[in-house]
Amino acid sequence: QVQLVESGGGSVQVGGSLRLSCRVSGYTADRNCVGWFRQAPGKEREVVAVLFTGGGSPSYTDSVKGRFTISHDTSENTVYLQMNDLKPEDTAMYYCAVDRLSTRYSCGSTNAFAYWGQGTQVTVSS
């Protein structure tokens, strides 16, 4: 079975940085579509970043472009989200997910993320 465990969340001040980690077990995420999502209280879950680990370039939601970077470490089977210049609106529960069906061309454009982590909280204060 596939399991994802996020870590690295915490509380930071505006302008600070955090690096979220998502360790995947039971499945090798190489050449798969992986993503980071977030959900703030009272808001719908939104896509933050997606990446096809076997190639292609990552995609980001407009609000985090230039500040966040999604990456993948094959040897550790871990997906990362480097978050810089954090803003209060980045406050949310962050989840990683794996889409085992999408190709590099459909990654991020389909709703096929079937495996999710438990989430890690990110809080950004002024």
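These notes cover the structure that comes with them. (Residues numbered from 1 in each chain as written. Predicted model: local features only at pLDDT ≥ 70, side-chain atom pairs only at ≥ 80, totals over all residues. Heavy atoms only, no water.)

1. As for the packing of aromatic side chains
- Across all of its chains, the model carries three aromatic pairs by this definition.
- Measuring from ring centre to ring centre gives 4.6 Å for Phe37 and Trp116, while their planes differ by 55 degrees; the resulting arrangement is tilted. Of this pair, Phe37 sits in strand β4 (residues 33–39) while Trp116 sits in strand β10 (residues 115–116); the two residues are 79 residues apart in sequence, bridging distant segments of the chain.
- By relative accessible area, which is 6% here, Phe37 ends up buried.
- Members of the aromatic cluster, joined through ring pairs, are Phe37, Phe113 and Trp116.
- The ring of Tyr80 carries the charged tip of Arg19 above its face, separated from the ring centre by 3.8 Å.
- Over the ring of Phe37 we find Arg45; its NZ or CZ atom is 5.8 Å from the centre of that ring. (Phe/Tyr/Trp six-rings, centres within 6.5 Å; stacked < 30°, edge-to-face > 60°. Helix = DSSP H or I, 4+ residues; strand = E, 2+ residues; numbered from the N terminus. Buried < 20%, exposed > 50% of the residue type's maximum accessible area, 1.4 Å probe, protein only. Lys NZ or Arg CZ within 6 Å of the ring centre and 35° of its normal.)

2. Some details on the pairing of strand β1 (residues 3–7)
- Where burial is concerned, the two faces of β1 differ: the one with Leu4 and Glu6 is buried and the one with Gln3, Val5 and Ser7 is not.
- As defined by bridge partners, β1 adjoins strand β3 (residues 18–25) across five bridges and the pair is classed as antiparallel. Considered in β3, the bridge of Gln3 is made with Ser25. (Pairing = 2+ DSSP bridges.)

3. Quick word on the sheet that holds β3
- If you walk across this open sheet you meet the four strands as β1-β3-β8-β7, and the pairing is antiparallel. Edge positions in the sheet fall to β1 and β7 (68–73), since each of these pairs with one other strand and no more. For this sheet, the mean inter-axis angle between neighbouring strands, taken without regard to orientation, is 15 degrees. (Axes fitted to C-alpha atoms, helices over the stretch in contact; angles between N-to-C directions.)

4. Things to note about the nonpolar core
- Ranked by size, the top nonpolar core spans 27 residues in total, and within it Trp36, Val48, Phe68, Ile70, Leu81, Met83 and Tyr94 carry the most contacts.
- When near neighbours in sequence (up to four residues on either side) are disregarded, Ile70 contacts Val34, Gly35, Trp36, Ala49, Val50, Leu51, Pro58, Tyr60, Val79, Tyr80 and Leu81.
- Listed in part, the seven residues of the second largest apolar core include Cys33, Val50, Ala97 and Phe113. (Core = buried A, V, L, I, M, F, W, Y, C linked by side-chain atoms within 4.5 Å. Contact = heavy atoms within 4.5 Å.)

5. Examining the environment of Asn32
- Inspection of the secondary structure assignment puts Asn32 in the loop between β3 and β4.
- In this structure the C-alpha to C-alpha distance between Asn32 and Pro58, which are 26 residues apart in sequence, comes to 12 Å.
- In contact with Asn32, not counting residues within four places along its chain, are Tyr27, Leu51, Phe52, Thr53, Gly54, Asp99 and Arg100.

6. Overview of the environment of Leu18
- Within the fold, Leu18 resides in strand β3.
- By relative accessible area, Leu18 is classed as buried at 14%.
- As for Leu18 and Leu86, which are separated by 68 residues in sequence, their C-alpha atoms are 8.2 Å apart.
- In this structure Leu18 touches Gly8, Gly9, Gly10, Val12, Leu81, Gln82, Met83, Leu86 and Val122, once residues within four positions along its chain are discounted.

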